[in-house]
Amino acid sequence: MTAIRRARPEDWPALWKIIEPVFRAGETYAVAVDIEEDEARALWLDKPLATFVAVNAADGRVLGSYFLKFNQPGGGNHVCNCGYIVARDARGRGVAGQLCEHSQREAIAVGFRAMQYNLVVATNTGAIRLWQRHGFDIVGRLPGAFRHPTQGEVDALVMYKRLVEAAAKA
């Protein structure tokens, strides 16, 4: 059983154990592979509007996480952006899907009307299939926009989902 709750500062060591190998691999996130821990913490835990963790309900072990933030300021602040990560040993057990569903509910609860993923690496086919299953459309392809460490320049996708319908125009 998995429970999802707001991340707490004391969750950081467990989060870093999950995040560090993913960032260091350089295959799915557009962050420096040599990112310092304090920079990663700011990116994942401190700067976003909210960060949540999925935990094993039996023992409290952190299985995954997501952050929720504004995609753009001003006129674009009704659209949010999220980043997701799941521990290697928890993959394939539905944690990412649970995080995705939870993030959409949270986004609606704080007033977002849509969710956009700006740079989904085209080689991350499992994530793409998952986001599509959860209602996201591929609305753009950015040719060669991501430098993959073993495959060179690969495409990145922009994915989008309307969470609530726009208010009727007066």
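Calculation notes
Residues numbered from 1 in each chain as written. Predicted model: local features only at pLDDT ≥ 70, side-chain atom pairs only at ≥ 80, totals over all residues. Heavy atoms only, no water. Helix = DSSP H or I, 4+ residues; strand = E, 2+ residues; numbered from the N terminus. Expected span 1.5 Å × (residues − 1). Salt bridge = Lys/Arg side-chain N within 4 Å of Asp/Glu carboxyl O. Buried < 20%, exposed > 50% of the residue type's maximum accessible area, 1.4 Å probe, protein only. Pairing = 2+ DSSP bridges. Core = buried A, V, L, I, M, F, W, Y, C linked by side-chain atoms within 4.5 Å. Contact = heavy atoms within 4.5 Å. Patch = residues over 30% accessible without salt bridge, like charges linked within 9 Å, V, L, I, M, F, W, Y side chains within 5 Å. Areas by Shrake-Rupley, 256 points an atom, 1.4 Å probe, with all protein chains shown as cover. Phe/Tyr/Trp six-rings, centres within 6.5 Å; stacked < 30°, edge-to-face > 60°. Lys, Arg positive; Asp, Glu negative; His and termini not counted. Charge placed at Lys NZ, Arg CZ, Asp CG, Glu CD. Disulfide = S-S within 2.5 Å.

(A) Inspection of helix H3 (residues 95-109) at higher detail. Along its 15 residues, H3 runs 21 Å from first to last C-alpha, staying within 8% of the 21 Å computed at 1.5 Å per residue. One or two positions beyond H3, positive phi appears at Gly 111, with a value near 100°.

(B) A look at the pattern of salt bridges. Enumeration over the complete set of coordinates arrives at 6 salt bridges. Here Arg 5 makes a salt bridge to Asp 11, at a shortest N to O gap of 2.7 Å. Its relative accessible area of 22% is what places Arg 5 among the partly exposed residues. Here Asp 155 and Arg 141 are joined by a salt bridge, their closest N and O atoms 3.0 Å apart.

(C) Expanded view of the pairing of strand E7 (residues 152-162). Pairing geometry for strand E5 (residues 114-121) and E7, over 6 bridges, is antiparallel. By the bridge assignment for E7, Gln 116 is matched with Tyr 160. The loop that links strand E6 (residues 137-148) with its antiparallel partner E7 comprises 3 residues.

(D) View of the nonpolar core. Core analysis: the largest hydrophobic core is formed by 47 residues, its most contacted members being Tyr 84, Met 115, Tyr 117 and Trp 131. When sequence neighbours within four positions are dropped, the list of residues in contact with Tyr 117 reads Asn 81, Cys 82, Tyr 84, Cys 100, Trp 131, Phe 136, Leu 157, Val 158 and Met 159.

(E) Focus on a nonpolar patch on the surface. There is a patch of nonpolar side chains on the surface, built from Leu 49, Phe 70 and Val 110 and spanning about 270 Å² of accessible area. Following the sequence through the fold, Val 110 ends up in the loop between H3 and E5. On the basis of relative accessibility, which here comes to 47%, the residue Val 110 falls in the partly exposed class.

(F) Region of interest: the packing of aromatic side chains. A complete count under the given rule lists 12 aromatic pairs for this structure. Taking the centre distance of 5.8 Å and the plane angle of 25° together, the rings of Trp 12 and Trp 16 count as stacked. Taken as a pair, Trp 12 and Trp 16 lie in helix H1 (residues 12-25) at a separation of 4 residues, close to a single helical turn. Here the two residues Trp 12 and Trp 16 agree in accessibility, since each one is buried.

(G) Quick look at a negative patch on the surface. Side chains of Asp 34, Glu 36, Glu 37, Asp 38 and Glu 39 sit close together on the surface and give a patch of like negative charge. Tracing the sequence through the fold places Asp 34 in the loop between H1 and helix H2 (37-46). On the accessibility criterion, Asp 34 (57% relative accessible area) is exposed.

(H) Layout of the side chain of Gln 104. When you line up the elements, Gln 104 lands in helix H3. The class for Gln 104 is buried, based on a relative accessible area of 6%. Excluding its chain neighbours within four sequence positions, the residues that come into contact with Gln 104 are Met 115, His 134, Phe 136, Lys 161 and Leu 163.

(I) Spatial organisation of the state of the cysteines. The tally for this structure, following the rule as stated, stands at 0 disulfides. Left without a disulfide partner, Cys 82 is nearest to the cysteine sulfur of Cys 80, which lies 4.7 Å away. When its relative accessible area of 8% is taken as the criterion, Cys 82 is described as buried. Cys 100 takes part in no disulfide bond, and the closest cysteine sulfur, belonging to Cys 82, lies 7.9 Å away.

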